[in-house]
Amino acid sequence: MIGYFVQGLALGFSASATPGPVMAYLISQSLRNGWRRTLLAAFAPLLSDSPIIALVLLILTHLPGWFLAGLKVAGGLFILYLAWGAYASFRQADDELAAALEPEAGRQSVLHAALMNLLNPNPYIFWGTVGGPILLEGWRLAPALGGAFLIGFYLVLIGGLILLVIVFGMLGQASPRVSRVLSGVSALVLLAFGGYLLASGVAALL
């Protein structure tokens, strides 16, 4: 159980520390409206990911085992691609953050943030190639293992987004150094986990 929980923690940290549309939205709203008015929006992934996970798992449960191993390989490659993107953000943190802080007109609710996530292809790709196979693998062994993965993932993801909202809300201004550090750490975590998932998928196929 600990293994699946740790995998959830690692992926949750990467998701919360990697720049994306939801993170940009939370940062801009925190700086604009303060952390108290923005805090609820940090829970948006809990709303938007539920239908995404259900749809993805419904499809995955009808696929043969070798296909899931192939998805692990694809997921590992995708995570390595994200690691490269995080590294690029680490090298260009100032430009990335400046783009993220462009004003957004009047969207300040958890429903708006959830809708943004639903319209973002990344969650579908993540749960279809990375999170879904791990969750399904654990669930088939024991439902508690799949639950441990989900708890670990959302514990760190939501916790990271809450911390982001509070920090930027209290600072009242963007900190390029914070964005740079998060991008650098995220790149390292993604690189390690992507390599592990790729090796695991190749071993399962062989």
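Worth saying up front: this structure is predicted, and the values here are computed from it rather than measured.

A. The overall build of the chain, seen in detail. Broken down by element type, the chain carries 10 helices and zero strands. When its helices and strands are written in sequence order, the chain yields α-α-α-α-α-α-α-α-α-α. Buried positions account for 43% of the 206 residues belonging to the chain. Within the chain, counting contacts between residues at least 6 apart in sequence, those at least 24 apart form 88% of the total. Accessible surface, the chain as shown: approximately 10,300 Å² in total, 71% of it carbon and sulfur.

B. Expanded view of the side chain of serine 16. For serine 16, the location among the structural elements is in helix α1 (residues 2–17). For serine 16, a relative accessible area of 8% puts it in the buried group.

C. Structural detail: the nonpolar core. Of all hydrophobic cores here, the largest spans 38 residues; its most connected members are Leu11, Leu26, Trp127, Val130 and Ile134. Where this core is concerned, the elements lending two or more residues are α1, α2 (21–33), α4 (44–60), α5 (65–91), α7 (110–118), α8 (121–141), α9 (143–171) and α10 (176–205). For this core, the element with the most residues is α9, which contributes 10 residues. Beyond its immediate stretch of four places on either side in the chain, isoleucine 134 contacts Tyr4, Gln7, Leu11, Phe149, Phe193 and Leu197.

D. Up close: α7. Among the residues of α7, Val110, Ala113, Ala114, Met116 and Asn117 are the ones counted as buried. Along the long axis of α7, the arc covered by the buried residues comes to 155 degrees, so they all point the same way.

E. Structural context of a nonpolar patch on the surface. A surface patch of nonpolar side chains, about 670 Å² in accessible area, is lined by Leu55, Leu58, Ile59, Leu115, Leu118, Leu119 and Tyr124. Of all the secondary-structure elements, those providing two or more residues to the nonpolar patch are α4 and α7. Ranked by residues supplied to the nonpolar patch, first place goes to α4 with three residues. Tracing the sequence through the fold places tyrosine 124 in helix α8.

F. Inspection of the environment of leucine 39 at higher detail. Structurally, leucine 39 is set in the loop between α3 (35–38) and α4. The spacing of leucine 39 and glutamine 29 is 10 residues in sequence and 9.6 Å in space, taken between C-alpha atoms. Residue contacts for leucine 39: discarding those within four places in its chain leaves Ile162, Val165 and Ile166.

G. Fine view of α1. If you check α1, its first and last C-alpha atoms are 22 Å apart, about what 16 residues at 1.5 Å a residue would give, namely 22 Å. Among the residues making up α1, those that are buried are Tyr4, Gln7, Gly8, Leu11, Gly12, Ser14, Ser16 and Ala17.

H. How the structure looks around the environment of tyrosine 196. Take tyrosine 196: it is sitting in helix α10. Residues tyrosine 196 and valine 73 lie 123 residues apart in sequence; the distance between their C-alpha atoms is 9.8 Å.

I. Quick peek at the confidence of the model for the chain. Across the chain, the average pLDDT comes to 77, with 77% of residues at or above 70. Within the chain, no element has a lower average pLDDT than helix α6 (residues 93–100), which sits at 50, and none a higher one than α9, at 89. In this model, residues 99–108 is a region of pLDDT below 50 whose contacts with residues beyond four sequence positions or in other chains number 26 contacts.

J. Local environment of the packing of aromatic side chains. Across all of its chains, the model carries seven aromatic pairs by this definition. Aromatic pair phenylalanine 149 and phenylalanine 153: ring centres 6.4 Å apart, planes at 25 degrees, arrangement stacked. Pair noted here: phenylalanine 149 and phenylalanine 153 are both in helix α9, with a separation of four residues, about one helical turn. The two residues phenylalanine 149 and phenylalanine 153 agree in class, both being buried. An aromatic cluster is defined as three or more aromatic residues linked by ring pairs; in this entry it consists of Phe126, Trp127, Phe149, Phe153 and Tyr154.

K. Examining the environment of tryptophan 139 more closely. Looking at where tryptophan 139 falls in the secondary structure, it is placed in helix α8. Residue tryptophan 139 is classed as partly exposed on the basis of its relative accessible area of 48%. C-alpha of tryptophan 139 to C-alpha of phenylalanine 149: the two residues are 10 residues apart in sequence and 9.4 Å apart in space. Ignoring any residue separated from it by four or fewer positions in sequence, one finds tryptophan 139 in contact with Gly146 and Gly147.

Parameters at a glance
- Residues numbered from 1 in each chain as written.
- Predicted model: local features only at pLDDT ≥ 70, side-chain atom pairs only at ≥ 80, totals over all residues.
- Heavy atoms only, no water.
- Helix = DSSP H or I, 4+ residues; strand = E, 2+ residues; numbered from the N terminus.
- Buried < 20%, exposed > 50% of the residue type's maximum accessible area, 1.4 Å probe, protein only.
- Contact = heavy atoms within 4.5 Å.
- Areas by Shrake-Rupley, 256 points an atom, 1.4 Å probe, with all protein chains shown as cover.
- Core = buried A, V, L, I, M, F, W, Y, C linked by side-chain atoms within 4.5 Å.
- Arc of directions from axis to C-beta.
- Patch = residues over 30% accessible without salt bridge, like charges linked within 9 Å, V, L, I, M, F, W, Y side chains within 5 Å.
- Salt bridge = Lys/Arg side-chain N within 4 Å of Asp/Glu carboxyl O.
- Expected span 1.5 Å × (residues − 1).
- pLDDT = per-residue confidence, 0-100.
- Phe/Tyr/Trp six-rings, centres within 6.5 Å; stacked < 30°, edge-to-face > 60°.

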